[in-house]
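So the chains spell out like this:
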Amino acid sequence: MIGRWRVRAIGLVLFVVTLATALAAQEDVGIARDETVYMGAGDGYARWWLDVAHGKRGATSEKGITAAWGGPGPTDHNREHPPFMKTLFGLSHKLLHDGLGVSRVTAYRAPSALMHAILILIVFAWVAAAWGVAEAVIAALLTLCLPRALFHAGLACFDGPIATLWVATLYCYWRSLARWSWAIVAGVVWGLALATKHNALLLPFAIAPHFAWVVARQAYATTAPGAARGLRALGWGLVRRWYVPGALIALGPLTLIAVWPWLWFDTVPHVRAWLQFHL
């Protein structure tokens, strides 16, 4: 049996190999149309966060936030898309390009490559816990070799990162069924998914049926036959695991708001405008 530290070492190697592969592969990929928009918006978002960190006066006022994050038009400062990855693009550009001299395009794309490496690590950890280390290595390498996924891992866009955060949310939810503290992580990660791309709104439709099935299965397995008794057990099972949906419902939206200053005021109208744009 492989020890825990060796398993972690294998996961780390897969993470590093994936990151290096994604960064190397993107060098031969031209700039996609959307990337330039997200790069420009990301620079503005990163500059705002740095202004806040340096205590710039007026940055957190409604006027200051609007100047960096939104405006009256539906596409002002790219406010029609959540900001999490764009913010990382901008911060990465400042750190890697301005600070370390990495090429401009690679610096913008580095967060997507990092997210892809996280995806491979999660696939490895999940399969290792469910079936075994050998199966986990195979699953991770097969995921790494998906051509379309590797292509998106080299773009300063949202498609690759939302795949990572979707899987990450499901993994954290799965862990929360055995340990309550993982529910907190799941809620935060879902919030980051919401702050990446709007199709994260579909995640509850994937989680809810499975959660109900798990609770029902455990309830009926631990009670004597009888419909009334079984229903009471089911209800009690849902109450006992309240923290799973509770963390998602509470922490998901709070995380979204925390990383998107455009939602710090006029929250409901701004969320409505974001969703209506895509509808």
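Refer to the structure presented above.
Residues numbered from 1 in each chain as written. Predicted model: local features only at pLDDT ≥ 70, side-chain atom pairs only at ≥ 80, totals over all residues. Heavy atoms only, no water.

K.L.:
Got a minute to help me understand the overall build of the protein chain in this structure?
P.N.:
Within the protein chain, the regular secondary structure consists of 13 helices and 0 strands. Along the protein chain, helices and strands appear, N-terminal first, in the series α-α-α-α-α-α-α-α-α-α-α-α-α. For the protein chain, the spread of C-alpha atoms along the principal axes amounts to about 65 × 45 × 35 Å. Across the 279 residues that make up the protein chain, the buried fraction comes to 42%. Once local pairs closer than 6 in sequence are excluded, the contacts in the protein chain between residues at least 24 apart make up 70%. (Helix = DSSP H or I, 4+ residues; strand = E, 2+ residues; numbered from the N terminus. Buried < 20%, exposed > 50% of the residue type's maximum accessible area, 1.4 Å probe, protein only. Contact = heavy atoms within 4.5 Å.)

K.L.:
Would you mind going over the packing of helix α1 (residues 4-25) against helix α6 (residues 133-144) with me for this structure?
P.N.:
Working note: a packed helix pair is described by the angle between its axes plus the distance between those axes. α6 packs onto α1 with a crossing angle of 5 degrees between their chain directions and a minimal axis gap of 11 Å. As far as their axial angle goes, α6 and α1 are roughly parallel. Facing Val7, Ile10, Leu14, Val17 and Thr18 of α1, the residues of α6 in contact are Val133, Val137, Ala140, Leu141 and Leu144. Of the residues assigned to the contact of α1 with α6, the class counts are 9 nonpolar, 1 polar and no charged. (Axes fitted to C-alpha atoms, helices over the stretch in contact; angles between N-to-C directions. Parallel < 35°, antiparallel > 145°, perpendicular 65-115°, else oblique. Nonpolar A, V, L, I, M, F, W, Y, C, P; charged D, E, K, R; others polar.)

K.L.:
Can you help me understand the environment of Ala200 in this one?
P.N.:
As for its position among the elements, Ala200 is in the loop between α9 (181-194) and α10 (203-221). Residue Ala200 is classed as buried on the basis of its relative accessible area, which comes to 0%. Once the C-alpha coordinates of Ala200 and Trp274 are considered, the two residues, 74 residues apart in sequence, prove to be 14 Å apart. Apart from the residues within four sequence positions on either side, Ala200 is in contact with Ile162, Trp166, Trp190, Ala193 and Leu194.

K.L.:
Sorry if this is basic, but what is going on with the nonpolar core here?
P.N.:
A general feature of soluble globular proteins is that nonpolar side chains tend to end up buried together. Grouped together as the largest cluster of nonpolar side chains are 50 residues, with contacts concentrated most on Trp69, Phe89, Leu165, Trp190, Leu256 and Trp260. When residues of this core are traced back to their parent elements, those giving at least two are α2 (33-53), α3 (62-69), α4 (84-99), α5 (104-130), α8 (159-176), α9, α10 and α12 (243-259). With 7 residues, α9 is the single largest residue contributor to this core. In contact with Phe89, not counting residues within four places along its chain, are Tyr38, Ala107, Tyr108, Pro111, Ser112, Ala156, Cys157 and Phe158. Residues Val7, Phe124, Val127 and Ala136 belong to the second largest nonpolar core, which totals 12 residues. (Core = buried A, V, L, I, M, F, W, Y, C linked by side-chain atoms within 4.5 Å.)

K.L.:
Is there a simple way to think about the pattern of salt bridges in this case?
P.N.:
Applying the stated criterion across every chain, the model contains 4 salt bridges. Notably, a salt bridge pairs Arg33 with Asp34, separated by 3.1 Å at the nearest N-O pair. Accessibility expressed as a relative area gives 28% for Asp34, which makes it partly exposed. (Salt bridge = Lys/Arg side-chain N within 4 Å of Asp/Glu carboxyl O.)

K.L.:
What is the right way to look at α6 in this model?
P.N.:
It helps to recall that an α-helix has 3.6 residues per turn; residues three or four apart then point in one direction. Its 12 residues place the ends of α6 16 Å apart at the C-alpha level, agreeing with the 16 Å of an ideal helix rising 1.5 Å per residue. All buried positions along α6 are accounted for by Val133, Ala136, Ala139, Ala140, Thr143 and Leu144. On an axial view of α6, the arc spanned by its buried residues comes to 135 degrees, and they lie on one face. Turned more than 90 degrees away from the buried face of α6 sit Ala134, Ile138 and Leu142, all of them exposed. Tucked inside the fold, the buried residues of α6 contact α1, α5 and α7 (147-152). (Expected span 1.5 Å × (residues − 1). Arc of directions from axis to C-beta.)

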